[in-house]
Amino acid sequence: MIIVGFADTKMVGLYATDALASASFVNNVFNVPILGCLGFTFGLTPLIGSLFSQKRITDCGGMVKAGLVVNLFFALLATLLMSGVYFALPYLGQPEELLPLIRPYYIIAALGVIPVTVFNVFAQWAYAINRTRLPMWIILFSNVLNIFGNWLLIYGNWGLPELGLTGAGISTLVARVVCPLIIITIFFLKHDYREYAEGFRGVALRGVNLRRVFTTSWPVSLQMICETCAFSLTAVMAGWISAFSLAALQIILIVGTLGFCIYYSMAAAVSVLVANANGLGNVDEMRRVSFCGYRIILMFATCSSTLFALWGSALMHQFSDDPQVLAIASTLIVPLVLYQYADATQICFANALRGTGQVMPMLWIAVISYLIIGLPSTYFIAFTLDMSTYGIVLSWSVSLVVAAVLYYRSFIRATKAVAAK
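The rules we used
Residues numbered from 1 in each chain as written. Predicted model: local features only at pLDDT ≥ 70, side-chain atom pairs only at ≥ 80, totals over all residues. Heavy atoms only, no water. Helix = DSSP H or I, 4+ residues; strand = E, 2+ residues; numbered from the N terminus. Rg over C-alpha atoms; globule rule 2.2 N^0.38 Å. Buried < 20%, exposed > 50% of the residue type's maximum accessible area, 1.4 Å probe, protein only. Contact = heavy atoms within 4.5 Å. Core = buried A, V, L, I, M, F, W, Y, C linked by side-chain atoms within 4.5 Å. Expected span 1.5 Å × (residues − 1). Salt bridge = Lys/Arg side-chain N within 4 Å of Asp/Glu carboxyl O. Bend = angle between axes of the 7 residues up to and from the residue. Disulfide = S-S within 2.5 Å. Axes fitted to C-alpha atoms, helices over the stretch in contact; angles between N-to-C directions. Parallel < 35°, antiparallel > 145°, perpendicular 65-115°, else oblique. Phe/Tyr/Trp six-rings, centres within 6.5 Å; stacked < 30°, edge-to-face > 60°. Lys NZ or Arg CZ within 6 Å of the ring centre and 35° of its normal. 1 Å grid on protein atoms, 1.4 Å probe; cavity = no way out; pocket = protein on both sides within 12 Å on 5 of 7 lines; lining within 4 Å. Points joined across faces, edges and corners; volume = space filled by probe spheres on them. Nonpolar A, V, L, I, M, F, W, Y, C, P; charged D, E, K, R; others polar. Patch = residues over 30% accessible without salt bridge, like charges linked within 9 Å, V, L, I, M, F, W, Y side chains within 5 Å. Areas by Shrake-Rupley, 256 points an atom, 1.4 Å probe, with all protein chains shown as cover.

Student: Describe the overall build of the protein, with residues and values.
Tutor: Scanning the protein for helices and strands turns up 17 helices and 0 strands. Its C-alpha radius of gyration of 21 Å places the protein within 12% of the 22 Å reference for a compact globule of 421 residues. The dimensions of the protein, computed from C-alpha atoms along their principal axes, are 60 × 50 × 35 Å. Taken over 421 residues, the protein has a buried fraction of 56%. A separation threshold of at least 6 residues defines the contact pool for the protein, and within that pool the share at least 24 residues apart is 82%.

Student: Quick one: what's the story with the nonpolar core, residue by residue and with numbers?
Tutor: Core analysis: the biggest nonpolar cluster contains 132 residues, and Ile48, Phe122, Trp125, Trp396 and Tyr407 have the highest contact counts within it. Sequence-distant contacts of Ile48, defined by excluding residues within four places in its chain, comprise Cys60, Met63, Val64, Trp125, Ala128 and Ile129.

Student: Mind laying out helix H5 (residues 99-111), listing which residues take part and the relevant values?
Tutor: Given 3.6 residues to a turn, an α-helix orients residues that are three or four positions apart in the same direction. With 13 residues, H5 extends 19 Å from end C-alpha to end C-alpha; this agrees with the ideal 18 Å at 1.5 Å per step. Buried residues of H5: Leu99, Ile102, Tyr105, Tyr106, Ile108, Ala109 and Ala110, and no others. Against helix H2 (17-42), helix H4 (57-86), helix H6 (113-128) and helix H8 (165-189) lie the buried residues of H5.

Student: Pulling in residues and values, what's your account of the pattern of salt bridges?
Tutor: With the rule as written, the count across this model stands at 4 salt bridges. The partner of Asp192 in a salt bridge is Lys190, with the nearest N and O atoms 3.9 Å apart. Look at Lys190 and you get partly exposed, because its relative accessible area is 39%. The salt bridge partner of Glu198 is Arg194, with a shortest N-O separation of 3.3 Å. Of the two residues, Glu198 and Arg194 both sit in helix H9 (residues 194-202), 4 residues apart, roughly one turn of that helix. Residue classification places Glu198 among the partly exposed residues on the basis of a relative accessible area of 38%. For Arg194, a relative accessible area of 42% translates into the label partly exposed.

Student: So what about H2? Which residues, and what values?
Tutor: Taking 1.5 Å as the rise per residue, H2 with 26 residues should run 38 Å; its terminal C-alpha atoms sit 35 Å apart, in good agreement. Its axis deflected by about 35° at Asn31, H2 carries its strongest bend there, up to four residues before the proline Pro33. Judged by how many residues are buried, H2 sits mostly within the fold: 22 of 26 residues are covered.

Student: Could you give me a rundown of the state of the cysteines, with the residues and numbers involved?
Tutor: Here the structure, examined in full by the defined rule, presents 0 disulfides. With no disulfide partner, Cys179 has as its closest neighbouring cysteine sulfur the one in Cys261, 15 Å distant. Looking at Cys179, the relative accessible area reads 7%, which means it is buried. Between Cys229, a cysteine without a disulfide, and Cys226, which holds the nearest cysteine sulfur, the sulfur-to-sulfur distance is 7.4 Å.

Student: Describe in detail the packing of helix H10 (residues 207-241) against helix H11 (residues 243-279), supporting the description with residues and values.
Tutor: The geometry of H10 relative to H11 is characterised by a closest axis approach of 8 Å and an angle of 155° between their N-to-C directions. Comparing their axes, H11 and H10 come out roughly antiparallel. Across from Met224, Thr234, Ala235, Ala238, Gly239 and Ile241 in H10, the residues of H11 making contact are Ser245, Leu246, Leu249 and Tyr264.

Student: Tell me about the packing of aromatic side chains, residues and numbers included.
Tutor: Under the defined criterion, the tally for this structure stands at 30 aromatic pairs. When the ring of Phe148 is compared with that of Trp158, the centres are 5.4 Å apart and the planes differ by 75°; the resulting orientation is edge-to-face. With Phe148 in helix H7 (residues 133-153) and Trp158 in the loop between H7 and H8, the pair connects residues that are 10 residues apart, well separated along the chain. Given the relative accessible area of 67%, Trp158 is considered exposed. Taken together, a centroid distance of 5.9 Å and an interplanar angle of 45° make the contact between Trp240 and Phe383 tilted. On the criterion of sequence distance, the pair formed by Trp240 in helix H10 and Phe383 in helix H16 (residues 360-384) is long-range, its members being 143 residues apart. An aromatic cluster is defined as three or more aromatic residues linked by ring pairs; in this entry it consists of Phe122, Trp125, Phe187, Phe188, Tyr193, Tyr196 and Phe200. The residue whose ring lies beneath Arg354 is Phe42, and the NZ or CZ to ring-centre distance is 4.1 Å.

Student: Could you give me a rundown of empty space enclosed by the protein, with the residues and numbers involved?
Tutor: This structure, assessed with the given rule, holds 1 cavity of 30 Å³ or more. Its boundaries defined by the atoms lining it, the largest cavity holds a volume of some 50 Å³. Around the largest cavity sit Ala230, Phe231, Thr234, Tyr370, Gly374, Leu375, Thr378, Ser395, Trp396 and Ser399, which together line it. When residues of the lining of the largest cavity are traced back to their parent elements, those giving at least two are H10, H16 and helix H17 (388-420). Looking at the lining of the largest cavity element by element, the count peaks at 4 residues for H16. The class makeup of the residues in the lining of the largest cavity is 5 nonpolar, 5 polar and no charged.

Student: Which residues make up a nonpolar patch on the surface, and what values do they have?
Tutor: Judged by side-chain polarity, Leu14, Tyr15, Phe148, Trp151, Tyr155 and Trp158 come together as a nonpolar surface patch covering roughly 610 Å² of accessible area. Put simply, the parts of the chain that give the nonpolar patch at least two residues each are helix H1 (2-15) and H7.

Student: Just give me the short version of the environment of Trp137, but keep the residues and values in it.
Tutor: By secondary structure assignment, the location of Trp137 is in helix H7. Considering only alpha carbons, one finds Trp137 and Asn28, 109 residues apart in sequence, at a separation of 26 Å.

Student: Describe the layout of surface pockets, naming the residues involved and giving the relevant values.
Tutor: Sizing a probe to match a water molecule and rolling it over the atoms shows the empty space that remains. As a volume, the second largest pocket reaches approximately 160 Å³. Along its surface, the second largest pocket is lined by Pro46, Leu47, Ser50, Gln54, Arg212, Thr216, Ala275, Asn278, Gly279, Thr356 and Gly357. If you list the elements that add at least two residues to the lining of the second largest pocket, you get helix H3 (44-53), H10 and H11. In the lining of the second largest pocket, the residues fall into 3 nonpolar, 7 polar and 1 charged.

Any functional reading would require information beyond the geometric quantities listed.
Below is the structure:
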């Protein structure tokens, strides 16, 4: 994720500032359905992880089928909703000159929602049975394909048309379609996964499984939608300031993934291991895994903060050569560093809580942290206090600190509830 995000931003940013600003807007808008769909697949992790720890392999395959059906319906709904947003693009306050670039890139992004969802359903199955290398290698291959496609289609190499931002979108879409094709082929044809495939084919599509997937998935999805929506709306606010502000914010967001994606990968491992321990009713192991994971994540947060503080400016020069964009981006290093530990903490304990299967608190925590407190804080700091783009990034620390405290408390309560049983 980090590699392809850096490559996309660098290749588009060096192509044109308008292309970078347009990509920032569309990518941040589509982070809402993409991460919402990703969060919906996350509901499978505790369900399959618990079945796997009980050695109910055939039932795992049946749960994958139920998860695929429910998630396809959710992804289709998200795609339809985003199609409606397309017609509202002229009314979202973005610079008028960006709309001809935004529109085709937006349509291509919409086409990628369903293949991303299908891949993530099977990826969550692989994570839950501790075969984490399988989706990793597929994603790495798709990243190489994406970057090569960018080189061909953004700049028009090897005699292909120079499509700029639209070329980047096509390349990303192709990579997103390839991922589910590969993992589905492996799921059904690789001998090691024969029992899972038999369960997928043989276990009837039961209403109880569909309900379990939906009940476990929708709070996690809405939690991620609330969180992502809050951050995406801050990008919309940056567009109110200027196209340069929007481009600078995109650079900060992509540099920030150096921390976020590493924290999230470690926290996803915490979630799987908590789910395995939960299936055995081992509360001590659930807590031990969570706090061991937290110490690892804090170590990475320290590394990320040091990197941003010392070499943040050099990193930003990789994504644009526009002096106005870089001038704004360079002022955002301090607030970027400030939110790392809060982000690491909320990610760890949100995923630990997800592993317990008691996911309802995730929804109200996200609403309070990101929508009730976060968004008003962003507007107040950025516009009322007139801190502009600096205030937008600074405000992220407010919502992340609130979320971190609430997720930690909810995880401790969830483990006490498991112990009481």
